[in-house]
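Close look at the chain arrangement
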Amino acid sequence: EPEVTQTPSHQVTQMGQEVILRCVPISNHLYFYWYRQILGQKVEFLVSFYNNEISEKSEIFDDQFSVERPDGSNFTLKIRSTKLEDSAMYFCAIPPSGGGTGELFFGEGSRLTVL
Amino acid sequence: AQSVTQLDSQVPVFEEAPVELRCNYSSSVSVYLFWYVQYPNQGLQLLLKYLSGSTLVESINGFEAEFNKSQTSFHLRKPSVHISDTAEYFCAVSEDTGFQKLVFGTGTRLLVSP
């Protein structure tokens with residue numbers, strides 16, 4: 001089972017500030033996904049990223065959001081100007097090797113609190 | 001597009017009692033089905049999955065789920081729950097077409113009391 005490490009585990013920021021959340025899979029992956037879970041609510045798809053390009057994004061993933069693979073191993077989710085409603089747990093996820101079954105392995109999440 | 005419905009937001013049950021968490025899905029194509037569990041302040045862990053073959057799938061900790069295509073359901077069951085099963089349970093579906101995203105239900109909180 002592949003492992004995914006997410007940093008930071010918790011970040012508190014002021015409204016309007018930029019936030020970068022990071023995801024590091026233990027092995028090299030071409031696919032990764034970001035999901036969001038507002039406290040007490042469902043887990044929502046944000047974006048999928050394949051081979052350095054966005055392959056699909058939800059309507060939540062507006063111009064405030066961006067994803068990158070800055071150094072070939074880390075994946076980042078950037079929120080340019082945070083809003084109160086961005087407060088949530090953000091999960092990075094990767095498929096198993098040879099995947100394509102929809103199964104995903106999730107990191108422990110990064111909790112973002114916007115004040 | 002696919003969707004998932006979990007009608008029960010919370011299911012309270014006594015320890016050693018049986019439990020069923022309901023999940024119904026909607027999709028115009030073949031799907032893969034999953035149950036994920038989220039313990040307090042933790043991430044999402046895969047509990048069990050249906051990809052193909054036998055419609056009854058089991059987890060290592062006693063949970064099972066049955067894929068029912070005619071009823072578009074994938075209910076999760078356990079004959080005897082433990083206190084440690086207290087968690088949030090999410091049903092999820094992905095379309096049977098490559099690296100498709102997972103779509104989650106709203107979750108069911110299982111509360112096991114002594």
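Structure: above.
Presented here is a report on the structure given in the accompanying data block.

What counts and how
- Residues numbered from 1 in each chain as written.
- Chains lettered and ligands numbered in written order.
- Predicted model: local features only at pLDDT ≥ 70, side-chain atom pairs only at ≥ 80, totals over all residues.
- Heavy atoms only, no water.
- Helix = DSSP H or I, 4+ residues; strand = E, 2+ residues; numbered from the N terminus.
- Rg over C-alpha atoms; globule rule 2.2 N^0.38 Å.
- Buried < 20%, exposed > 50% of the residue type's maximum accessible area, 1.4 Å probe, protein only.
- Contact = heavy atoms within 4.5 Å.
- Buried area = accessible area lost by both parts, 1.4 Å probe.
- Salt bridge = Lys/Arg side-chain N within 4 Å of Asp/Glu carboxyl O.
- Polar contact = N/O pair within 3.5 Å; in protein donor to acceptor, adjacent residues only side chain to side chain.
- Core = buried A, V, L, I, M, F, W, Y, C linked by side-chain atoms within 4.5 Å.
- Disulfide = S-S within 2.5 Å.

Across its full length, chain B holds zero helices and 12 strands. Starting at the N terminus, the α and β elements of chain B follow one another as β-β-β-β-β-β-β-β-β-β-β-β. Taking 13 Å as the expected radius of gyration for a compact globule of 114 residues, we find that chain B reaches 14 Å, a close match to that expectation. Counting all 114 residues of chain B, 47% fall into the buried class.

For the rest of this paragraph, the subject is the interface of chain B and chain A. Listed as interface residues are 20 residues of chain B and, on the opposing side, 20 residues of chain A. In total, chain B and chain A occlude about 1,900 Å² of area from one another, counting both sides; carbon and sulfur atoms represent 57% of this. It is B:Leu44, B:Phe99 and B:Lys101 that lose the most area in chain B upon contact with chain A, and together they represent 35% of the buried surface on that side. The interface formed by chain B and chain A includes two salt bridges. The salt bridge partner of A:Glu56 is B:Lys101, with a shortest N-O separation of 2.6 Å. Scanning the region where chain B abuts chain A turns up six residue pairs in polar contact (both at pLDDT 80 or more).

The next thing to look at is the nonpolar core. Of all hydrophobic cores here, the largest spans 29 residues; its most connected members are B:Trp35, B:Leu48, B:Phe74, B:Leu76 and B:Tyr89. Going through the elements one at a time, β2 (10-14), β3 (19-21), β5 (31-38), β6 (45-50), β8 (64-68), β9 (73-78), β10 (87-95) and β12 (108-113) of chain B are the ones with two or more residues in this core. Apart from the residues within four sequence positions on either side, B:Leu48 is in contact with B:Leu33, B:Phe34, B:Trp35, B:Val57, B:Glu58, B:Ser59, B:Phe63, B:Glu64, B:Ala65, B:Phe74 and B:Leu76. In terms of nonpolar packing, the next biggest core, distinct from the first, is built from 22 residues, A:Leu21, A:Phe32, A:Trp34 and A:Leu77 among them.

Turning our attention to the state of the cysteines. One pass over the full model with this rule turns up two disulfides over all chains. Note that A:Cys23 is cross-linked by a disulfide to A:Cys92, the S-S spacing being 1.9 Å. Residues A:Cys23 and A:Cys92 are joined through a disulfide that is left-handed, its torsion about the S-S bond being -55 degrees. A residue pair is termed long-range when its members are at least 10 positions apart, and A:Cys23 in strand β3 (residues 19-25) and A:Cys92 in strand β9 (residues 88-94) qualify at 69 residues. Since its relative accessible area comes to 0%, A:Cys23 is described here as buried. Note that B:Cys23 is cross-linked by a disulfide to B:Cys91, the S-S spacing being 1.9 Å. For the disulfide bridge between B:Cys23 and B:Cys91, the dihedral angle about the S-S bond is near -65 degrees, and by the sign convention the bridge is left-handed. Taken together, the positions of B:Cys23 in the loop between β3 and β4 (24-26) and B:Cys91 in strand β10 put the pair 68 residues apart, joining distant regions of the chain. A residue is classified by how much of its surface remains accessible, and B:Cys23, at 0% relative accessible area, is buried.

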